[in-house]
Amino acid sequence: MVTIQIQDMQNYLIKNISVVNEGRSFQSDLLIKNGRIEKIGNNISVSFPVQEINGENLHLLPGCIDDQVHFREPGLTHKATIYTESKAAVAGGVTSFMEMPNTLPPAFTQKLLEEKYQIAAESSLANYSFYMGTSNDNTEEALRTNEKKNDVCGLKIFMGSSTGNLLVDNYLTLDKLFGGSEVLIATHCESERIIKENLEIFLAKKRTLTAVDHPLIRSVDACFESSLTAIQFAKKYGSRLHVFHLSTEKELGLFTNMIPLAEKRITAEVCVHHLHFSSNDYNRLGNLIKCNPAIKAPENREALWRALLDDRLDLIATDHAPHTISEKGFFRNSLGLLESISGLEGSYLQAHAGLPLVQHSLLLMLDYVKKGKISIEKLVEKMSHAVAVCFQIPDRGFIREGYHADLVLVDMNRDTNVHARNILYKCGWSPLEGEHFPASIKYTFVNGHPVYGNGTFDESQWGKRLKFKR
């Protein structure tokens, strides 16, 4: 498939749209020319050919930037590919993503990292970046990322093991990484020691473990101790630290809202599933919502919401992590519904951890807008603006003249129901099946190209590699 060159790109004029940007909503027209936002204003007139889109009764948002996804390619493509998951992403209003290194083989060398960029250049419908992976024995290679600080989103450190074999638990290695990195360090914070101790205690009870036990094994203290350790290393060296997927109330005291985001050296995020689910949902969904860090007791969810709204938590992501239905210990019954495989020995321990979410993250959060939990302006800040600021991504994340036209048109009056027939993930399921969202994605523009519109895709143009201004 041939990518359209910039001079061949169609120009677009979106009329009478409700623009949501930088803390306010206002009626305007918007002109897209050669992939960028040319003009924002009322009654825009043009002297060159454009395709006009009627934006009446629609909202225009900057495209979501998801800084934490697992698209599984290379090596785990029975679960997902960059093509399939980027397609799901743009259908959900996500125009850029940053992907994790725990593929097969893991991205432990600069060569393997660049191979992932090459795959995306030929198959991603969204803009893309990939984290450099770290292990206990690849420190020098990982720190070579300093040479391309404007071309790679960051280093990823798994301080607790999750899916795959990436784990950095050697304090000497951590010291070298935090002391030597000139790029953002993103951490998965869970204490491997505490998790193992908790698991031994539960196994000693000689009973069958279930998903209900998950937040007790991967506990609040496991998260807190690891996050505290990462912050101590970051403060020692003044490192740029970003802590992924906060899940506990206890951790929130480690972060501040007293510093402007652009000046913060330590930032944190929350994922949509930790805002939506609680441990009460394990009885209903079981291993379908098994993820790391675990979804915890309801008081943690409410604390996460408070911290998101008062800016101790800086942005919203998904940690999109697809596994096949059988890897979660489920199958589809004759009615097309997800059903647990009965009698599967050790199903909790065998079930893979992770949830597919990138197609529905914006819709899920717009549901909370409708419910009055968060304003649409604050939502745009946390899913677009703040990500661009946090990662220092130039010309994206805002609706500004001269910026790349990464845009989403949303119909806040047309419902979306999640069911097996409209799920685009390669794994073919979602923990949100049966959910009803009171909004829908009408169009998604990536670099001025309408890759998704009215339920159809235009795959004539691939996304671009994200750049960073550091």
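Residues numbered from 1 in each chain as written. Predicted model: local features only at pLDDT ≥ 70, side-chain atom pairs only at ≥ 80, totals over all residues. Heavy atoms only, no water.

(A) The environment of Asp151, seen in detail. Within the fold, Asp151 resides in the loop between helix H3 (139-143) and strand S10 (155-158). For Asp151, a relative accessible area of 24% corresponds to the partly exposed category. The spatial distance from the C-alpha of Asp151 to the C-alpha of Phe468 is 6.1 Å, given a sequence separation of 317 residues. Dropping the residues within four chain positions of it, Asp151 is found in contact with Tyr117, Ser129, Arg465, Leu466, Lys467 and Phe468. Separated by 2.7 Å, the side chains of Asp151 and Lys467 make a polar contact. (Helix = DSSP H or I, 4+ residues; strand = E, 2+ residues; numbered from the N terminus. Buried < 20%, exposed > 50% of the residue type's maximum accessible area, 1.4 Å probe, protein only. Contact = heavy atoms within 4.5 Å. Polar contact = N/O pair within 3.5 Å; in protein donor to acceptor, adjacent residues only side chain to side chain.)

(B) How the structure looks around the packing of helix H5 (residues 192-204) against helix H7 (residues 220-237). The geometry of H5 relative to H7 is characterised by a closest axis approach of 8 Å and an angle of 165 degrees between their N-to-C directions. Here H7 runs roughly antiparallel to H5, going by the angle between their axes. For the element pair H5 and H7, the recorded crossing hand is right-handed. In this structure, H5 uses Arg193, Ile194 and Ile195 to contact H7, whose residues at the interface are Asp221, Ala222 and Glu225. Looking at the contact of H5 with H7 residue by residue, the classes come out as three nonpolar, no polar and three charged. (Axes fitted to C-alpha atoms, helices over the stretch in contact; angles between N-to-C directions. Parallel < 35°, antiparallel > 145°, perpendicular 65-115°, else oblique. Left-handed = near helix turned anticlockwise from the far one by under 90°. Nonpolar A, V, L, I, M, F, W, Y, C, P; charged D, E, K, R; others polar.)

(C) Layout of the sheet that holds strand S8 (residues 127-130). Here three strands make up an open sheet; going across it, the order is S6-S7-S8 and the pairing parallel. Of all strands in the sheet, those with a lone pairing partner are strand S6 (64-69) and S8, marking the two edges. This sheet shows a mean twist of 20 degrees between the axes of neighbouring strands, independent of strand direction. Note: S6 against strand S7 (residues 94-99), four bridges, orientation parallel. Note that in S7 the partner of Ile65 across the bridge is Ser96. (Pairing = 2+ DSSP bridges.)

(D) View of H7. Between its terminal C-alpha atoms H7 stretches 26 Å, which fits the 26 Å expected from 18 residues at 1.5 Å a residue. Residues Ala222, Cys223, Ser226, Ser227, Thr229, Ala230, Ile231, Phe233 and Ala234 constitute the buried set of H7. Of the surrounding secondary structure, the elements contacted by the buried residues of H7 are helix H4 (171-180), strand S11 (185-188), H5, strand S12 (241-243) and strand S13 (266-271). At the exit of H7 stands Gly238, carrying a positive phi of roughly 70 degrees. (Expected span 1.5 Å × (residues − 1).)

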